[in-house]
Amino acid sequence: MTNRPADSEALRGLRRVLELRARLYAAIRRFFCDRGFLEVETPVLLPANAPEEHVAAVSAGPGWLRTSPELAMKRLLAAGQGKIFQLGPVFRAGENGRWHHPEFTLLEWYRADAGYLEILADAKELLAAAAAALRGAADFAWRDVPLSCAPESWVQLGVSEAFVAHAGWDPAREFDADRFDLDLVSRVEPALPADRPVVLMDYPAPLAALARRKPDDPARAERWELYLGGVELANAYSELTDPAEQRARFEAANARRRARGAAPYPLDEAFLAALAQMPPAGGIALGVDRLLMILADAASLDAVLPFRNG
Amino acid sequence: MAYTAADLRKGLKIELEGIPYEVTEFQFVKPGKGQAMYKCRIKNMIAGNTMEKTFRAVDKIDQPNIESRTLHFSYKEGDKYVFMDNKTYEQVELHEEVLGEQCHFLIEDLECEVLFFNGRAMTIELPAFVIKEIKETEPGARGDTATNVLKPAKIDTGYEIGVPIFINQGDFIRIDTRTGKYVERVKQP
């Protein structure tokens, strides 16, 4: 962004992007308030994030900028807050590209005594509401491709099914982390329908992160990811509430970090202590800038991040 | 010598399984919980075809031994074309296969950029336009200045080219070496 846009067209473009973001935030807040969710704000500067192999935190003075508000929000669930949401900035080092920016806005919401399917029902209604607020209808076009965000347009596809169909192997049977990432971006994602929301359901257990395993199928975790127009938009879990298993997963993530020469992260002991009191819950993180990009009919995040450098 | 994936950018030349490629498009990709990768479109510098290739951020990528030299066409001998380095007077032979259609547009002392991969000539870049004499064509209809109706003609190398009706044997024409097509009639060079 220059100090003052060079011409009236650029000024109108800036105003449009600022207004679209403000309208999206207003629609999100209205959506959750109408459903009895409480908006919360948790710290941005943390003593510890959730250690993940491929998520790098930005260090800041005595701690780190948050890579997600997840651990703090789960402490609120453990403290008796049943339906909460938060809209705010998160930071991930080294992520920069057409659909990545090291600082981005994340929407997270959690429901106590629920799981990833209840969160899926919320997500369907939220997307339709956001599209209606910004585009006037659940059906609109992104870069000239028709996109339907109506709840009945959504398709669900098992991760295993999608990999068997497009990459020729089932990652829940014989897991290979490198092959999973490469095939996901080069074979599976390009094959997903781009004209409607697509949910990839039930990730292999080694990719459970903070999700619980399926009670009847421990090779898979209750985790889903949402794709819109081929863009990864959200990640949802039936939350893991077992502190011992959570600690073991954090330590395993740190061990993998060490193995590839990355520094391990400290564990959030206050979170692990609180987890024992946390009720069963479902939760989700949704990339708001990417949603705004699509609703603003932009090809890259550049158009919706006026302060982006370079 | 090797690159890391962080060096990838448009135009970078890399080597994969013994073949040189040029990166024509690249994009940072990273599944939320997955590793950082670069999704590239790469062009086979010998065969010319393109394909998609995704590199992990931790991958090492070979750097091809590519050298570009300015050479001047000297003469043809059988299916070999002899070029000269005007500084060192070194002679370099290029096989007809490397040149393909381009061999028809060579003229004596024409300056060309030749790309070598591991010491072997791989591709050649001609000047965008060359001037050639028409050796064979039906007599032109005087006064017919239409340029959209073409008739067949041949240049000295036997290359067949469509030219406007008014072009005669012995005329000189400018040819676009990238398309192999007639551009305009010119005075004798």
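Refer to the preceding data block for the structure.
Small disclaimer: the values here were computed from a predicted structure and weren't measured. (Residues numbered from 1 in each chain as written. Chains lettered and ligands numbered in written order. Predicted model: local features only at pLDDT ≥ 70, side-chain atom pairs only at ≥ 80, totals over all residues. Heavy atoms only, no water.)

## Quick notes on the environment of Tyr110(A)
All names here are of chain A.
- Among the secondary structure elements, Tyr110 is positioned in strand β6 (residues 103-112).
- When the C-alpha atoms of Tyr110 and Ser238 are compared, they prove to be 9.8 Å apart, with 128 residues separating the residues in sequence.
- When neighbours within four sequence positions are excluded, Tyr110 is seen to be in contact with Phe37, Glu70, Met73, Lys74, Leu77, Gly82, Lys83, Ile84, Glu239, Gly282 and Gly283. (Helix = DSSP H or I, 4+ residues; strand = E, 2+ residues; numbered from the N terminus. Contact = heavy atoms within 4.5 Å.)

## Some words on the packing of helix α4 (residues 159-166) of chain A against helix α5 (residues 177-191) of chain A
All names here are of chain A.
- Running from N to C, α4 and α5 point in directions that differ by 85 degrees, and their axes come no closer than 10 Å. Classified by the interaxial angle, the pair formed by α4 and α5 is roughly perpendicular. Between α4 and α5, the residues in contact are Val159, Ala162, Phe163 and His166 and Phe180, Asp183, Leu184, Arg187, Val188 and Ala191, respectively. (Axes fitted to C-alpha atoms, helices over the stretch in contact; angles between N-to-C directions. Parallel < 35°, antiparallel > 145°, perpendicular 65-115°, else oblique.)

## Remarks on the layout of surface pockets
- Empty space within the largest pocket amounts to approximately 870 Å³.
- Along the wall of the largest pocket there are 42 residues; nearest its centre are Glu52(A), Glu53(A), His54(A), Arg260(A) and Lys33(B).
- Secondary structure elements with two or more residues in the lining of the largest pocket: α5 and α6 (243-259) of chain A.
- When residues in the lining of the largest pocket are grouped by element, the largest group, 9 residues, is from α6(A).
- Of the residues that constitute the lining of the largest pocket, the class distribution is 22 nonpolar, 5 polar and 15 charged.
- Contributing to the lining of the second largest pocket are 48 residues, with Thr67(A), Ser68(A), Arg92(A), Leu106(A) and Ala285(A) lying nearest its centre.
- Where the lining of the second largest pocket is concerned, the elements lending two or more residues are α2 (70-78), β6, β13 (231-238), β14 (281-287) and α8 (288-295) of chain A.
- Each residue belonging to the lining of the second largest pocket can be placed in one class, and the counts come to 22 nonpolar, 11 polar and 15 charged. (1 Å grid on protein atoms, 1.4 Å probe; cavity = no way out; pocket = protein on both sides within 12 Å on 5 of 7 lines; lining within 4 Å. Points joined across faces, edges and corners; volume = space filled by probe spheres on them. Nonpolar A, V, L, I, M, F, W, Y, C, P; charged D, E, K, R; others polar.)

## A closer look at the nonpolar core
- In terms of nonpolar packing, the biggest core is built from 48 residues, with Leu107(A), Trp109(A) and Trp224(A) touching the most fellow members.
- A per-element tally of this core places helix α3 (residues 116-135) of chain A first, with 9 residues.
- In terms of nonpolar packing, the next biggest core, distinct from the first, is built from 29 residues, Leu99(B), Ala121(B), Val130(B) and Tyr159(B) among them. (Core = buried A, V, L, I, M, F, W, Y, C linked by side-chain atoms within 4.5 Å. Buried < 20%, exposed > 50% of the residue type's maximum accessible area, 1.4 Å probe, protein only.)

## Description of the interface of chain B and chain A
- Every contact between the two is made by 13 residues of chain B and, on the other side, 24 residues of chain A.
- Interface area, chain B with chain A, both sides summed: about 1700 Å², of which 52% is carbon and sulfur.
- On the chain B side of the interface with chain A, the three residues burying the most area are Phe28(B), Lys30(B) and Lys33(B), jointly 41% of the side's total.
- When the shortest N-O distance is used, the salt bridge between Glu95(A) and Lys30(B) registers 3.4 Å.
- The interface formed by chain B and chain A contains 11 residue pairs in polar contact (both at pLDDT 80 or more).
- Per element, the largest residue contribution to the side of chain B that touches chain A is 3 residues, and it comes from strand β3 (residues 19-29) of chain B.
- Tallied by class, residues from the side of chain B that touches chain A come to 4 nonpolar, 5 polar and 4 charged. (Buried area = accessible area lost by both parts, 1.4 Å probe. Salt bridge = Lys/Arg side-chain N within 4 Å of Asp/Glu carboxyl O. Polar contact = N/O pair within 3.5 Å; in protein donor to acceptor, adjacent residues only side chain to side chain.)

## A short note on the packing of aromatic side chains
All names here are of chain A.
- Under the criterion given, the structure shown has 16 aromatic pairs over all chains.
- Judged by centre distance (5.0 Å) and plane angle (50 degrees), the ring pair of Phe32 and Trp109 falls under tilted. Of this pair, Phe32 sits in helix α1 (residues 8-34) while Trp109 sits in strand β6, and the two are 77 residues apart along the sequence. As far as burial versus exposure is concerned, Phe32 and Trp109 are alike and both buried.
- An angle of 85 degrees between the planes, with centres 5.8 Å apart, marks the rings of Trp64 and Tyr265 as edge-to-face. A residue pair is termed long-range when its members are at least 10 positions apart, and Trp64 in strand β4 (residues 63-65) and Tyr265 in the loop between α6 and α7 (269-275) qualify at 201 residues. (Phe/Tyr/Trp six-rings, centres within 6.5 Å; stacked < 30°, edge-to-face > 60°.)

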